[in-house]
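Inside the fold
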Amino acid sequence: REVDLGTQTITFTCAQGRITTTPLRATLGKLAMVLEGHMGLDQSMDYTITVPVTEELVGRKVAAYLPGKQVQIPIGGTVQKPRVDRDRFRTEVERLAREAGTKALENETDDLIRKLLEKNLK
């Protein structure tokens, strides 16, 4: 698929052997994303891609518990061999799963209390 970068101004800074840019905003299909980080003059990379949690990514049931949330995908390695930092990504997914689980439990508890109150007030 094509990545749409739209029209934007990007500022580059080079300091301490790293080239850093202002955040780059792009869309892939309907998915909006932001790329931030830096590249070393030695061609090492340390970027983070931030994307919103959507139904397409996690499914309708999970997305309902994470409105407005984002997931960060860490990209490291080199220009020739980029890689997702699986440990950092796993930590990010676990954080979102805990949030969704907590919200689901809160909703279920609220529903149960409401039903008990309705039943006892009748």
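Scroll up to find the structure.
Bear in mind that the values here come from a model prediction, so they are computed numbers and not experimental data.

Before going further, it helps to examine the pairing of strand β3 (residues 18-21). As defined by bridge partners, strand β2 (residues 12-15) adjoins β3 across 4 bridges and the pair is classed as antiparallel. Bridge assignment links Cys 14 to a residue of β3, and that residue is Ile 19. Remark: 2 residues form the turn of the hairpin made by β2 and β3, two consecutive strands paired antiparallel; Gln 16 in that turn has positive phi of roughly 50 degrees. Looking at chain direction, β3 and strand β5 (residues 31-40) are connected through 3 bridges and run antiparallel. Residue Ile 19 lies in a different strand from β5, and its bridge partner there is Met 39.

Looking now at the pattern of salt bridges. Across all of its chains, the model carries 7 salt bridges by this definition. Arg 88 is paired through a salt bridge with Asp 46; the nearest N and O atoms lie 3.9 Å apart. One end of the pair, Arg 88, is in helix α3 (residues 86-121); the other, Asp 46, is in strand β6 (residues 45-52), with 42 residues separating them in the sequence. Given the relative accessible area of 41%, Arg 88 is considered partly exposed. With a shortest N-O distance of 3.6 Å, Glu 55 and Arg 60 are connected by a salt bridge. For Arg 60, a relative accessible area of 62% gives the class exposed. Through salt bridges with shared partners, a single network forms among Lys 69, Glu 92, Arg 95 and Glu 99.

This paragraph deals with unusual backbone geometry. Of note in this structure, Gln 16 is not a glycine but carries a positive phi near 50 degrees. Mapped onto the elements of the fold, Gln 16 is located in the loop between β2 and β3. One non-glycine residue with positive phi stands out, namely Gln 43, at about 75 degrees. As for its position among the elements, Gln 43 is in the loop between β5 and β6.

How each quantity is defined
- Residues numbered from 1 in each chain as written.
- Predicted model: local features only at pLDDT ≥ 70, side-chain atom pairs only at ≥ 80, totals over all residues.
- Heavy atoms only, no water.
- Pairing = 2+ DSSP bridges.
- Helix = DSSP H or I, 4+ residues; strand = E, 2+ residues; numbered from the N terminus.
- Salt bridge = Lys/Arg side-chain N within 4 Å of Asp/Glu carboxyl O.
- Buried < 20%, exposed > 50% of the residue type's maximum accessible area, 1.4 Å probe, protein only.

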